[in-house]
Amino acid sequence: MKLSAAPKSASSEAVMAGGTVFNIQRFSLHDGPGVRTVVFLKGCQLRCAWCANPESLAAGPEVLFDASRCGKVQCWQPCPGKGSDRLIDRCSLAGWPADDGCPAAAIRHIGNRLSVEEVMRTVVADELYYRTSGGGMTLSGGEMAMQPAFSRALLLRARQEGIHTAVETAGFAPWSALWEACEASQLILFDIKLADEALHQHYTGVSNRSILTNLERLLEQSVPLRIRIPVIPEVNDGEGEAANMMAMIAAKVRGKRHFQGIDLLPYHNFGNRKYDLSGKRCRYEEMHPGHGKPQVERMADIARHYGLTTTTLSHCIG
């Protein structure tokens, strides 16, 4: 089923070049309506202290290494030129083996270069679920606007198949790159972390000025948009910052007919294990080691005070 009102096609170069994907998650229920397949693209300009996907940040491939599993399997061979009495780890000789080449299952490669058609083979496999649930494909990351041509090509290809499309973005990108992808989507999930610029700089590494400008520009377009807020204890769930956020959002979305509401995503620490495996540090857990549970109801109450509708999802993505 082709759409007569679909945006213009992506360039053939973008379709052929492909993009870097670090995960394709099937049967997701929290990344747009219905049952969805989420395509996670690698690379992000933000460095959110609480990020649940630290393996998504770098643009290139990475390796997750579980040292606790490595020593459980004999994986040594004679050291070249030293005789059979000297042994050396095979990984030191040849570099990281493929995922299935590690007998201890201690290695996981993150980030593969895939073509549009390679991604779509996985996406279309669940087309029946999309049609019966009103679901579809969502592009996330990382930041999908770091790969705008590939994102656009994927979205247009899905729409050619009659599959509903959505994108999740933090909005920190040049407008031309952001709109290149968003124009081809049928739903935008726009992340807002903090209203206070100094706090935003402190916790994400970047100013929120261009993010809020991009939000304003997207709200002027005809693509439906939902705002998503990760609810982070001791960061944005206090009365002061929560009120600042909701007042700011209320002012920006007033009269915007394509605005569809706010999703609240409570913080979780499911990604902490991946920090260990990638040799990185979770700054948020270091900055707020004794944090409690996210005050989601408080934020929802404040949103209602400003006339905003919220939906609480089961977890914070990033």
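Remember, it's a predicted structure, so these values are computed and weren't measured experimentally.

Conventions adopted
Residues numbered from 1 in each chain as written. Predicted model: local features only at pLDDT ≥ 70, side-chain atom pairs only at ≥ 80, totals over all residues. Heavy atoms only, no water. Helix = DSSP H or I, 4+ residues; strand = E, 2+ residues; numbered from the N terminus. Buried < 20%, exposed > 50% of the residue type's maximum accessible area, 1.4 Å probe, protein only. Contact = heavy atoms within 4.5 Å. Areas by Shrake-Rupley, 256 points an atom, 1.4 Å probe, with all protein chains shown as cover. Expected span 1.5 Å × (residues − 1). Core = buried A, V, L, I, M, F, W, Y, C linked by side-chain atoms within 4.5 Å. Phe/Tyr/Trp six-rings, centres within 6.5 Å; stacked < 30°, edge-to-face > 60°. Polar contact = N/O pair within 3.5 Å; in protein donor to acceptor, adjacent residues only side chain to side chain. Pairing = 2+ DSSP bridges. Axes fitted to C-alpha atoms, helices over the stretch in contact; angles between N-to-C directions. Parallel < 35°, antiparallel > 145°, perpendicular 65-115°, else oblique. Left-handed = near helix turned anticlockwise from the far one by under 90°. Nonpolar A, V, L, I, M, F, W, Y, C, P; charged D, E, K, R; others polar.

1. Quick word on the overall build of the protein chain
Okay, step 1: Along the protein chain, the regular secondary structure elements total 13 helices and 13 strands.
Okay, step 2: The buried share of the protein chain, reckoned over its 318 residues, is 50%.
Okay, step 3: Long-range contacts, defined as pairs at least 24 residues apart, comprise 73% of the intrachain contacts of the protein chain with a sequence gap of at least 6.
Okay, step 4: Accessible surface, the protein chain as shown: approximately 14700 Å² in total, 51% of it carbon and sulfur.

2. Quick notes on helix α10 (residues 239-253)
Okay, step 1: Between its terminal C-alpha atoms α10 stretches 21 Å, which fits the 21 Å expected from 15 residues at 1.5 Å a residue.
Okay, step 2: Those residues of α10 lying buried are Glu-241, Ala-242, Met-245, Met-246, Met-248, Ile-249, Ala-250, Lys-252 and Val-253.
Okay, step 3: Where α10 is buried, its residues touch α8 (197-204), α9 (209-219), β11 (225-231), β12 (259-266) and α13 (296-305).
Okay, step 4: Positive backbone phi, at 80°, marks Gly-255, one or two positions downstream of α10.

3. Describing the nonpolar core
Okay, step 1: If you look at the biggest cluster of nonpolar residues, it comprises 57 residues, and the most contacted ones within it are Met-137, Ile-227 and Met-246.
Okay, step 2: With seven residues, the single largest contributor to this core is α10.
Okay, step 3: Not counting the four nearest positions on each side in its chain, Ile-227 is found in contact with Phe-190, Ile-192, Leu-215, Ile-249, Val-253, Phe-259, Gly-261, Ile-262 and Asp-263.
Okay, step 4: Counting 17 residues, the second-largest nonpolar core is a separate cluster that includes Cys-44, Cys-48, Leu-57 and Ile-232.

4. Some words on the packing of aromatic side chains
Okay, step 1: Tallied over the entire structure, the rule returns five aromatic pairs.
Okay, step 2: Taking the centre distance of 6.1 Å and the plane angle of 40° together, the rings of Trp-50 and Tyr-203 count as tilted. A residue pair is termed long-range when its members are at least 10 positions apart, and Trp-50 in the loop between β2 (36-41) and β3 (62-65) and Tyr-203 in helix α8 qualify at 153 residues.
Okay, step 3: Judged by centre distance (5.7 Å) and plane angle (5°), the rings of Trp-175 and Trp-179 are stacked. Here Trp-175 and its partner Trp-179 are both found in helix α7 (residues 175-182), four residues apart, which amounts to about one turn of the helix. For the residue pair Trp-175 and Trp-179, the accessibility class agrees, reading buried in each case.

5. So, the environment of Lys-42
Okay, step 1: With respect to the element layout, Lys-42 can be found in the loop between β2 and β3.
Okay, step 2: We classify Lys-42 as buried; its relative accessible area is 1%.
Okay, step 3: Counting along the chain gives 17 residues from Lys-42 to Ala-59, while the straight-line C-alpha distance between them is 5.3 Å.
Okay, step 4: What Lys-42 contacts, discounting residues up to four positions off in sequence, is Thr-20, Phe-22, Glu-55, Ser-56, Ala-58, Ala-59, Gly-60, Pro-61, Glu-62, Ile-110, Gly-111 and Gln-147.
Okay, step 5: Polar contacts involving the side chain of Lys-42 include one to the main-chain carbonyl oxygen of Ala-58, which spans 2.8 Å.

6. Regarding the sheet that holds strand β13 (residues 310-312)
Okay, step 1: The strand order β7-β1-β2-β8-β9-β10-β11-β12-β13 describes an open sheet built from nine strands, whose pairing is mixed. Taken across any chain shown, the strands that pair with only one partner, and hence form the sheet edges, are β7 (112-114) and β13. On average, adjacent strands in this sheet sit at an angle of 30° to one another, irrespective of strand direction.
Okay, step 2: Inspection of the sheet shows strand β10 (residues 188-191) paired to β11 by four bridges, in the parallel sense. Bridging from a neighbouring strand, Ile-188 pairs with Leu-225 of β11.
Okay, step 3: Together, β11, β12 and β13 form the strand contacts of α13, whose direction differs from that of β12 by roughly 160°.

7. Focus on the packing of α7 against α9
Okay, step 1: Running from amino to carboxyl end, α7 crosses α9 at an angle of 40°, the nearest separation of the two axes being 11 Å. Considering the angle they form, α7 stands oblique to α9. Here the hand of the crossing between α7 and α9 comes out right-handed. Where α7 approaches α9, its residues Trp-175, Leu-178, Trp-179 and Cys-182 are matched on the opposing element by Asn-214, Arg-217 and Leu-218.
Okay, step 2: Each residue belonging to the contact of α7 with α9 can be placed in one class, and the counts come to five nonpolar, one polar and one charged.

8. Some words on the pairing of β11
Okay, step 1: For β11, the buried fraction is high: seven of the seven residues fall into the buried class.
Okay, step 2: When β11 meets β12, the two strands line up parallel, connected through six bridges. By the bridge assignment, Pro-230 is partnered in β12 with Leu-265.

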